[in-house]
Amino acid sequence: MENENMISLTDVERTYRTGKVSLPVLQHLDFALPRGQWCCIFGASGSGKTTLLNVMGTLEAPDAGSVIIDGCDVSRFSRDEAARFRRKKLGFVFQAYHLLPEFTVLENVALAGRLAGMTHRASVARAKELLSQMQLIERIDHRPSELSGGEQQRTSIARALMNHPKILLADEPTGNLDEKTGMTILQLLVDLRKNDPDLSIVMITHNRELASFADRVVTLSGGKLVEEKETDSNGL
């Protein structure tokens, strides 16, 4: 029987320490994301939103508490185990794109497949399929510096989908884009979810207009998550 929740955080704590100074960021935080749900997380700058996403994405381990993702207690994973898990289960979309400047669009996307264990031929085929969906097939031989911001973000979404992730974690995916381009990226995410209803999405954003795209909205404040409201999730 499949787990009802894709992500479950229980009593999670995360504190940063510099010398004798301690900065508590996440404090006794509880959170559950049902399978197939789209959740938007808001919060003031410095509230710990990216830290929370990193903990969900196994990029950081909590100091205390448990993190269960798709039935696995990832908070107990070693660094290598966490990396293998990410490559199989998770997809990441970042505000800053994080594309490799010396690689072409195709190489940037296909590399994610190779890291996930796909053969060269399979990874190239999958990358071309995704880039076609992102309307970037004419740009596959270009490097990131030759792309617009919207094209770079579409490339990063294609990269995030290479391993058929069960969870998509997005950190301010429209933060570097103008309003029109940002809406185009959001429409892509809406369409992705329509095509794969089981895809779970956690999105960090400062833009409250984006809440209409999500099923659920929460705010990170004082190291804890506060439920806001359920949305209609009608999309564009």
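Residues numbered from 1 in each chain as written. Predicted model: local features only at pLDDT ≥ 70, side-chain atom pairs only at ≥ 80, totals over all residues. Heavy atoms only, no water.

Next up on the list: the overall build of the chain. Within the chain, the secondary structure is distributed over six helices and ten strands. Computed over C-alpha atoms, the radius of gyration of the chain comes to 18 Å, within 12% of the 18 Å expected from 2.2 N^0.38 for 236 residues, which places it in the range of a compact globule. Counting only C-alpha atoms and orienting by the principal axes, one finds that the chain spans roughly 50 × 45 × 40 Å. Looking at the chain as a whole, 49% of its 236 residues are labelled buried. A sequence separation of at least 24 residues applies to 69% of the contacts in the chain between residues at least 6 apart. Here the chain displays about 11800 Å² of accessible surface, and carbon together with sulfur accounts for 48% of that area. (Helix = DSSP H or I, 4+ residues; strand = E, 2+ residues; numbered from the N terminus. Rg over C-alpha atoms; globule rule 2.2 N^0.38 Å. Buried < 20%, exposed > 50% of the residue type's maximum accessible area, 1.4 Å probe, protein only. Contact = heavy atoms within 4.5 Å. Areas by Shrake-Rupley, 256 points an atom, 1.4 Å probe, with all protein chains shown as cover.)

Attention shifts here to the pattern of salt bridges. Throughout the structure, instances matching the rule amount to ten salt bridges. In this structure, the salt-bridge partner of R35 is D70, at a minimum N-O distance of 3.6 Å. One end of the pair, R35, is in the loop between β2 (21-34) and β3 (38-42); the other, D70, is in the loop between β4 (64-69) and β5 (72-73), and 35 residues separate them in sequence. A relative accessible area of 23% means that R35 is categorised as partly exposed. Through salt bridges that share partners, R35, D70, K89 and K166 make up one connected network. (Salt bridge = Lys/Arg side-chain N within 4 Å of Asp/Glu carboxyl O.)

The next thing to look at is the pairing of strand β1 (residues 5-18). Note that β1 and β2 share ten bridges and pair antiparallel. Directly across from S8, in β2, lies its bridge partner A32. In sequence, β1 turns back onto β2 through a hairpin of two residues, with G19 there showing a positive phi of about 65 degrees. Bridge analysis of β1 against β4 gives five bridges, and the strand direction is antiparallel. Bridge pairing in β4 places E13 opposite A64. (Pairing = 2+ DSSP bridges.)

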